[in-house]
Amino acid sequence: MLSRVSIVGAGPAGLALAADLQSHGISALMYSHPDHPQHANRLRDNGRLRVSGVMEGFTDLELTTDMAEIIAFSHIVVLAVPSTGQETVLKELKPFDLRQHTIVAIPGNLFSLTKAAGIKVGNILETNLSPYSCRMDDGKLLVLGRKRRIFIGALHNEVSADFYEDVQRVFPFVELKWCHSVVEVCLSNVNGVFHPLMMLMNAGRIESTAGDFLLYAEGLTRSVANAMQAVDRVRMQIAAAFGFRLRSAVDISNDCYGQRFTDLVDLARHSPPHRSLRSPADMAHRNISEDVPDLLVCWHGLAEKLGIDASPIRAVIVLVEMATGVNYMETGRNMKRLNLENVSRSELVARFGPCLVTHLETRL
Ligand SMILES: NC(=O)c1ccc[n+]([C@@H]2O[C@H](COP(=O)([O-])OP(=O)(O)OC[C@H]3O[C@@H](n4cnc5c(N)ncnc54)[C@H](OP(=O)(O)O)[C@@H]3O)[C@@H](O)[C@H]2O)c1
């Protein structure tokens, strides 16, 4: 029975998971990268972590900057860094033999198809989202929402039934919806629908007010929602071409939080985990720097391979590139970086589309 979990990344998502695990009797050891110490330093100064919102209380957390300790502590290693930080972490993991370990990337964003494919690891799992909607607030952890369900998929599906039980214990309170492949998981990360367009279409307001407004409640208005739906339709067409029955962004969000919204604007104004979220202070935020290169660029590449018109997604990427000066098509998770450049359409569908796997089928 799983009793210890290692967590790489000491930001709000990793801290919320660690606090939740400890309250369920599972010990957590957290890794903070030496070049990214801000939260770890605050935690050390405060001694304990104060948690408020949908989770309440104080937690004592163990922190390390030594990856060897993380590997020795548990055979389950959760990566809770933004996907833009996964490569840095990979460099730290590379020297170790991880054949008895499972890495769980929250979220994955096709992490397992990048250079990760080159490390010696038992399995890599990817989720579509972080289980928590959370922020750091003056050194304290504010948990705005805990998802009821998240999507998860494995690079290698040939695993034992016990494996699923172990993985479920890493996410107390969250129902895991097992997907056919990491591609289905990546297409279920609806942050790619929500974040870039909300940022882009509110760029003037973000920059003139330093983000002094509510990103969803005030920034997700009807025309923003219309543009988001155009991107969402392409996402669902890509999924359909693989043979997945993926639901709309609003339905996936409903699934996460047990809600029943039918309209994005209504959700933005009334959903508790969304309506109070403030805007980032500037455009240099992971809503752009993570979700454009590591979601939209890979969705765009998949659509092109499958012969789907991805012009709404391309439009967002091009506008973001014009606004930021960063060539995300080049630097993001394009087909080349995902090692899919020379894979044909039929190979792509055969490799990542629905397949019959005994243990998995019982969970779909
Ligand atoms: N928080 C949420 O509500 C939420 C909701 C949905 C999805 N997510 C996703 O969950 C993931 C983690 O979220 P989070 O809010 O905990 O993120 P975060 O605070 O931005 O980052 C998590 C930790 O990773 C560190 N980090 C950042 N870049 C790194 C790099 N290149 N190498 C090593 N460490 C690095 C950060 O350090 P520094 O801060 O010092 O850079 C921080 O300690 C992200 O992918 C996010 O998009 C979060």
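Every value quoted in this text rests on a predicted model; they were computed, and no experiment measured them. (Residues numbered from 1 in each chain as written. Predicted model: local features only at pLDDT ≥ 70, side-chain atom pairs only at ≥ 80, totals over all residues. Heavy atoms only, no water.)

Remarks on the domain arrangement of the protein
Operational definition: Domain extents, as shown, originate in an automatic or database domain assignment. In what follows, a contact means two residues having at least one pair of non-hydrogen atoms within 4.5 Å. Once two parts are put together, the accessible area they lose, assessed with a 1.4 Å probe and summed over both, is termed the buried area.
When its domains are assigned, the protein resolves into domain 1 (4-178) and domain 2 (189-354). Distance from the C-alpha centre of domain 1 to the C-alpha centre of domain 2: 23 Å. At the interface, 22 residues of domain 1 touch 23 residues of domain 2. Contact between domain 1 and domain 2 buries roughly 2000 Å² in total, counting both sides, with carbon and sulfur atoms accounting for 56%. On the domain 1 side of the interface with domain 2, the three residues burying the most area are Asn109, Leu113 and Leu129, jointly 28% of the side's total.

Things to note about the site of the ligand
Here is the rule we go by: Proximity is defined per residue: if any heavy atom of the residue lies within 4 Å of a molecule or strand, that residue is considered near it. For this analysis, a polar contact is any N or O atom pair within 3.5 Å, provided that within protein one partner can donate a hydrogen and the other can accept it, and provided that sequence-adjacent residues contribute only side-chain to side-chain pairs. Surface accessibility follows the Shrake-Rupley procedure with a 1.4 Å probe radius. Residue values consider only the protein chains on display as shielding. Put simply, DSSP marks the helices as runs of H or I at least four residues long and the strands as runs of E at least two long, and each gets a number from the N terminus on. Three classes are used: nonpolar for Ala, Val, Leu, Ile, Met, Phe, Trp, Tyr, Cys and Pro, charged for Asp, Glu, Lys and Arg, and polar for all others, with Gly counted as polar.
Around the ligand there are 23 residues in total, and Ala13, His36, Gln38, Cys134 and Glu290 lie nearest to it. For the ligand, an oxygen atom lies 3.2 Å from a polar atom in the backbone of Pro12. Note that an oxygen atom of the ligand is positioned 2.9 Å from one of the side-chain N or O atoms of Arg135. Coverage of the ligand by the protein amounts to 86% of the 860 Å² it exposes when considered alone. At the level of elements, α1 (12-23), α2 (38-46) and β9 (132-137) are the ones that each hand at least two residues to the shell around the ligand. The dominant element in the shell around the ligand, judged by the number of residues it contributes, is β9, at 4 residues. Split by residue class, the shell around the ligand holds 10 nonpolar, 10 polar and 3 charged.

What to know about the UniProt feature "domain: Opine dehydrogenase" (unreviewed entry) in the protein
The following threshold applies: UniProt positions are given in the numbering used here, feature names are shortened, and annotations may be inferred rather than shown by experiment.
In the numbering used here, UniProt assigns the "domain: Opine dehydrogenase" (unreviewed entry) feature to residues 178-323. Secondary structure content for residues 178-323 is 67% helix and 1% strand, while the C-alpha to C-alpha distance between its ends is 37 Å.

Thoughts on the pairing of strand β3 (residues 49-53)
To keep things clear, this is the line we draw: Strand pairing is assigned whenever DSSP detects at least two bridges linking the two strands.
As paired elements, β3 and strand β4 (residues 57-59) share 3 bridges and run antiparallel to each other. Residue Leu49 lies in a different strand from β4, and its bridge partner there is Thr59. As consecutive antiparallel partners, β3 and β4 are separated by 3 residues. Note: β3 against strand β10 (residues 140-146), 3 bridges, orientation parallel. Paired with Val51 across the strands is Leu141, a residue of β10.

Comments concerning helix α9 (residues 222-242)
To keep things clear, this is the line we draw: Helices are assigned an expected span. That span is 1.5 Å times one less than the residue count. Accessibility here uses a 1.4 Å probe with only protein chains present; expressed as a share of the type maximum, an area under 20% marks a residue as buried, one over 50% as exposed, and anything in between as partly exposed.
With 21 residues, α9 should cover 30 Å at 1.5 Å per step; its first-to-last C-alpha distance of 30 Å lies within 8% of that length. Looking only at α9, the buried set comprises Val224, Ala225, Met228, Val231, Asp232, Val234, Arg235, Ile238, Ala239 and Phe242. Positive phi appears at Gly243, one or two residues downstream of α9, with a value of about 100°.

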